[in-house]
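Survey of secondary and tertiary structure
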Amino acid sequence: MTTDTANEPIRLVLTIEQAARRLSIGRTHMYSLVMSGEVESVTIGRLRRIPVECLTEYVNKLRAANHTDQAA
């Protein structure tokens, strides 16, 4: 089985807890990001999951905002 650097299987979607670990933030902060819409999530049945690419998009938005702030 292919694994990423954290020795976990590569997944298409993550739980809130897994996504928080990937961003090195707390679970409560991750819930806030999801509920505010800053990080996109999907529901699968009754479960809320975070597509991995949505974490990448969120970080890219942060980087762009940081770059814009530094240029001003």
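Conventions and cut-offs
Residues numbered from 1 in each chain as written. Predicted model: local features only at pLDDT ≥ 70, side-chain atom pairs only at ≥ 80, totals over all residues. Heavy atoms only, no water. Helix = DSSP H or I, 4+ residues; strand = E, 2+ residues; numbered from the N terminus. Buried < 20%, exposed > 50% of the residue type's maximum accessible area, 1.4 Å probe, protein only. Contact = heavy atoms within 4.5 Å. Areas by Shrake-Rupley, 256 points an atom, 1.4 Å probe, with all protein chains shown as cover.

1. Topic: the overall build of the protein chain
Scanning the protein chain from N- to C-terminus turns up 3 helices and 3 strands. With 72 residues in all, the protein chain has 24% of them scored as buried. A sequence separation of at least 24 residues applies to 38% of the contacts in the protein chain between residues at least 6 apart. Accessible area of the protein chain: about 5300 Å², with a carbon and sulfur share of 52%.

2. Let's talk about unusual backbone geometry
Leaving glycine aside, a negative phi is the common case for residues, and trans is the common case for peptide bonds. Although it is not a glycine, Ser 24 sits at a positive phi angle of roughly 60°. Relative to the helices and strands, Ser 24 resides in the loop between helix H1 (16–23) and helix H2 (27–36). What makes Ser 24 exposed here is its relative accessible area of 67%.

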